[in-house]
Every structure is written in C-alpha cells, then in structure tokens.
Amino acid sequence: MSDLPEGVRPLTPEEAKTRRKRSIAIALTLGALVLLFFVLTIAKLGPQVLQRSL
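Notes on the structure in this doc start here. Nothing here was measured: the structure is a model prediction, and the numbers come from that model.

The rules behind these values
Residues numbered from 1 in each chain as written. Predicted model: local features only at pLDDT ≥ 70, side-chain atom pairs only at ≥ 80, totals over all residues. Heavy atoms only, no water. Helix = DSSP H or I, 4+ residues; strand = E, 2+ residues; numbered from the N terminus. Rg over C-alpha atoms; globule rule 2.2 N^0.38 Å. Buried < 20%, exposed > 50% of the residue type's maximum accessible area, 1.4 Å probe, protein only. Areas by Shrake-Rupley, 256 points an atom, 1.4 Å probe, with all protein chains shown as cover. Lys, Arg positive; Asp, Glu negative; His and termini not counted. Charge placed at Lys NZ, Arg CZ, Asp CG, Glu CD. Salt bridge = Lys/Arg side-chain N within 4 Å of Asp/Glu carboxyl O. Patch = residues over 30% accessible without salt bridge, like charges linked within 9 Å, V, L, I, M, F, W, Y side chains within 5 Å.

## A short note on the overall build of the chain
Helices and strands together make up the secondary structure of the chain, namely 1 helix and 0 strands. At 22 Å, the chain has a C-alpha radius of gyration far larger than the 10 Å of a compact globule built from 54 residues. Seen through its C-alpha atoms, the chain measures out along the principal axes to roughly 65 × 20 × 15 Å. Across the 54 residues that make up the chain, the buried fraction comes to 2%. As displayed, the chain has an accessible area near 5600 Å², and 66% of this comes from carbon and sulfur atoms. Each charge class in the chain was averaged separately, 8 positive and 4 negative side chains, and the resulting centres sit 20 Å apart.

If you want it as structure tokens, here you go:
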C-alpha cells in the first residue's frame, strides 16, 4: 500500500523539475519584493533617521 492518499500519484521527474523551477522563481520574486519594500521604506524615512540621539 502506498503512503499517498487515494487519487494522488507521484510526480514524474519532469514534473518535479518544473515544480522546483517554479518554486525558485516564486521565492526570488518574493525576495525581490521584500527588498524593494525595505529600500522604499528606508528612502521614505530619509537620511535624518541615522542622525538621531541615542
């Protein structure tokens, strides 16, 4: 008996490769978006944020 639920088949090597490429593309896009938001936030704060008293 298989460990997979009924109606679910294992991925072929080609499907697994395609899924991995898509996952990497999504991860890189998400990382770029996070970096963009970070840069925009820092730019919006301005240079004065670095010259505050502790």
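## Topic: the pattern of salt bridges
This model, assessed by the stated rule, comprises 1 salt bridge. Glu15 is paired through a salt bridge with Arg9; the nearest N and O atoms lie 2.9 Å apart. Residue Arg9 is classed as exposed on the basis of its relative accessible area of 53%.

## Let's talk about a nonpolar patch on the surface
Nonpolar side chains collect at one region of the surface, where Leu35, Phe38, Val39, Ile42, Leu45, Val49 and Leu50 lie side by side and expose about 700 Å² of accessible area between them. Tracing the backbone through its elements, the reader meets Phe38 in helix H1 (residues 13-45).

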